[in-house]
Amino acid sequence: MRVIVAEDERYVRATIISILPYQSMEITIVAEASDGREALECCREYTPDVLITDIRMPEISGLDLIERVVKICPNIHIVIISGFDCFDYAKRAMSLGVKHYLLKPVEEEDLSNALSSIYLEIKNRLKETGDATELQRKLKQLLPLSIEKSLNTLVRNDLLIDGRFYSNLSEAGIKFLHTYYSVIISEFTSEGVSTESDGFHNKHIYKSSDFDCYRAMDYQRENTYFYIVNHSFSKDEYISKMIDLVKQLKEQHGYLNIIGISDVGTKINMLGMLYEQALSACELYFWKQQKDVFVYSTNCFSELKDFSHKREEMSRKLADYLRLNNTNEGILSFLQLIEELSASEPMINPSVLKDFVFLILCDVLKELNMEYLDIIKEYDINQNIYNSRSIVQIKNIIKKSINTFADRYQSRLVSESPVIGVKRLIEQNPESDYSLEQLAKYAGYHITHFSELFKNEVGMSFIEFKKTTKMNYAKELLEKTSFKIDQIAERLGYNDSKYFIKLFKAYFNESPNQYRKKYTFFPKK
């Protein structure tokens, strides 16, 4: 395996290089880099099989480096070694396809296991593709200019674009002579695609006095072509002309599936934006699967309002259901929220909805003190969510994930009654104002029956237990914080501080101030 190690700390970089299993995995260090920009240039020059990188580095961060490198080396394998156990870093890394996220100081065994997995994957791929395909790959790397790679560069506004780049395009026969630009993205089924006759390589599909159309495989998306259309159609007529072009494309390539058409741009440097618009148009298939051709508009999607509030509320509610072993009610509650979001007009961007679902599932695992990163990876939850193509698939992922969480969570607990679960929930969240009706519903009981069960098992009524828990927590706040009495009352859900003082005195035979003076001392300001 050809390996590049990127780490700004020289000692750490040397340590990583020293513990690599060279002989057993045929490892060759082709380059090492001390910052992100140097690492990017090394990847362009050497096209490694593996990049081992830190997250925080000078010039270009590790995550930004990965995002750029996968465009240059689509088959590269990434190993992140970081000193930061950060959920946001891990989430973004997973979204970029990173499978191996190790924490510093890295253990030799962990690094060896990650590289072993990559080594087997590379060997299997080479075995399947055969020597001929490998030879083709190497020959393609030697070409001074790959037209297909250049077209990919164009739609991503890569740093490689300069005057020489456009000159090379012209020399290769790609000339943009018309006034306007549009991008069409089409997914295709693997059946019917011949790599010899029709090919996965760029092709000048159509040429006329009004437009030129070029096609390339999309390096970042599987089974996807994109078409750059340079045309002279005005904004008023371009949609009908693009639809006509799509019909021709479908006739020529019957295996085309979902097709997205961008708006019109007037400059070549707008191709990146037009490419993103065409991707957004394809996302409409998530909601409208009865169609296969979609045109971008500025009001394609609506915003997800109250994102943080909805996420926090659903995460807490779902965690409560799982604590009380009432999985079905938790699933139903989540699906009802998804139904509400699905009814919005215009529709919510599927990418935003997927983020929303993924973050809630992660939040639930954290609420339950479960190893969320391990579980997410073990069950490929992030991949399943972000690869989903319809709201039905999202709902099925939600059901499967929550059932998995419930099984894992319950397996950690000894057998206990729903009352004990409710009791623990109140003790762990003394500032929350759960109602008996709410918790009875969580536990799956009628309120009257649950009230009797609670009193018999705990030895006091639900209301009395909740008050007792709050009062004990009030003592803790008086001892350990400098909050004012009215602030403590408010935190515990008592809007009337006089009532809180009266209640506290009834429990402990002294006022909150008397208790604080007795047990703690806070200097006057």
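Residues numbered from 1 in each chain as written. Predicted model: local features only at pLDDT ≥ 70, side-chain atom pairs only at ≥ 80, totals over all residues. Heavy atoms only, no water.

**Side note on the overall build of the chain**
Thought 1: Along the chain, the regular secondary structure elements total 22 helices and 11 strands.
Thought 2: By residue count, 48% of the 525 residues in the chain fall in the buried class.
Thought 3: If you take every contact in the chain between residues at least 6 apart in sequence, the share linking residues at least 24 apart comes to 69%.
Thought 4: By element, 47% of the accessible surface of the chain is carried by carbon and sulfur atoms, the whole surface being about 27300 Å². (Helix = DSSP H or I, 4+ residues; strand = E, 2+ residues; numbered from the N terminus. Buried < 20%, exposed > 50% of the residue type's maximum accessible area, 1.4 Å probe, protein only. Contact = heavy atoms within 4.5 Å. Areas by Shrake-Rupley, 256 points an atom, 1.4 Å probe, with all protein chains shown as cover.)

**Structural notes on the pairing of strand 4 (residues 77-82)**
Thought 1: Most of strand 4 sits out of view: six of its six residues are buried.
Thought 2: On strand 4, burial covers both faces: His-77, Val-79 and Ile-81 on one face and Ile-78, Ile-80 and Ser-82 on the other are all buried.
Thought 3: Sheet topology places strand 3 (residues 50-53) next to strand 4; four bridges connect them, and they run parallel. Residue pairing for strand 4: Ile-52 is matched across the bridge by Val-79.
Thought 4: Taken together, strand 3, helix 3 (residues 62-72) and strand 4 constitute a β-α-β crossover, and its handedness is right-handed. (Pairing = 2+ DSSP bridges. Right-handed = clockwise from strand over helix to strand, strands pointing away.)

**Notes on the nonpolar core**
Thought 1: Membership of the largest hydrophobic core comes to 97 residues, with the highest contact counts inside it found for Leu-51, Ile-80, Leu-154, Phe-176, Phe-334 and Leu-353.
Thought 2: Examining the composition of this core, we find that nine residues originate from one element, helix 12 (residues 350-367), more than from any other.
Thought 3: Ignoring anything within four residues of it in the chain, the contact list for Leu-51 reads Ile-4, Ala-6, Cys-43, Leu-65, Val-69, Ile-76, His-77, Ile-78 and Val-79. (Core = buried A, V, L, I, M, F, W, Y, C linked by side-chain atoms within 4.5 Å.)

**Regarding the packing of helix 16 (residues 418-428) against helix 19 (residues 462-480)**
Thought 1: Viewed as axis vectors pointing N to C, helix 16 and helix 19 meet at an angle of 30°, and their least axial separation amounts to 9 Å. Our classification of the angle between helix 16 and helix 19 gives roughly parallel. Handedness of the helix 16/helix 19 crossing: right-handed. Contacts between helix 16 and helix 19 involve Val-422, Lys-423, Ile-426 and Glu-427 on the former and, on the latter, Phe-462, Phe-465, Lys-466 and Thr-469.
Thought 2: A breakdown of the residues in the contact of helix 16 with helix 19 according to their chemical character gives four nonpolar, one polar and three charged. (Axes fitted to C-alpha atoms, helices over the stretch in contact; angles between N-to-C directions. Parallel < 35°, antiparallel > 145°, perpendicular 65-115°, else oblique. Left-handed = near helix turned anticlockwise from the far one by under 90°. Nonpolar A, V, L, I, M, F, W, Y, C, P; charged D, E, K, R; others polar.)

**As for the pattern of salt bridges**
Thought 1: Taken as a whole and assessed by the stated rule, the structure comprises 21 salt bridges.
Thought 2: The salt bridge partner of Arg-316 is Asp-320, with a shortest N-O separation of 3.6 Å. One end of the pair, Arg-316, and the other, Asp-320, are both in helix 10 (residues 307-323), four residues apart, so they sit about a helical turn from each other.
Thought 3: The class for Arg-316 is partly exposed, based on a relative accessible area of 31%.
Thought 4: Taking relative accessible area as the criterion, Asp-320 reaches 0% and is therefore assigned buried. (Salt bridge = Lys/Arg side-chain N within 4 Å of Asp/Glu carboxyl O.)

**Things to note about the confidence of the model for the chain**
Thought 1: When pLDDT is averaged along the chain, the result is 83; 87% of the residues meet or exceed 70.
Thought 2: Looking across the chain, the model is least confident in strand 7 (residues 203-207), with a mean pLDDT of 61, and most confident in helix 21 (residues 497-508), with 93.
Thought 3: Counted against residues more than four places away or in other chains, residues 139-145, with its pLDDT under 50, gives nine contacts. (pLDDT = per-residue confidence, 0-100.)

**What about the sheet that holds strand 1 (residues 2-6)?**
Thought 1: Here we have five strands laid out as an open sheet, ordered 2-1-3-4-5, and parallel in their pairing. Among the strands making up the open sheet, the edge pair consists of strand 2 (28-33) and strand 5 (100-103). In this sheet, neighbouring strand axes are inclined to one another by 20° on average, regardless of whether the strands run parallel or antiparallel.
Thought 2: Packed onto the sheet, helix 2 (residues 36-46) meets strand 1, strand 2 and strand 3 and runs at close to 145° relative to strand 2.
Thought 3: Helix 3 rests against strand 3 and strand 4 of the sheet, and its axis sits at about 165° to strand 3.

**Quick notes on unusual backbone geometry**
Thought 1: A cis amide bond links Lys-104 to the next residue, Pro-105, at an omega of -10°.
Thought 2: Along the polypeptide, Pro-105 turns up in the loop between strand 5 and helix 5 (108-142).
Thought 3: In the Ramachandran plot, Thr-47 falls in the positive-phi region, its phi being about 45° despite a non-glycine side chain.
Thought 4: Within the secondary structure, Thr-47 sits in the loop between helix 2 and strand 3.

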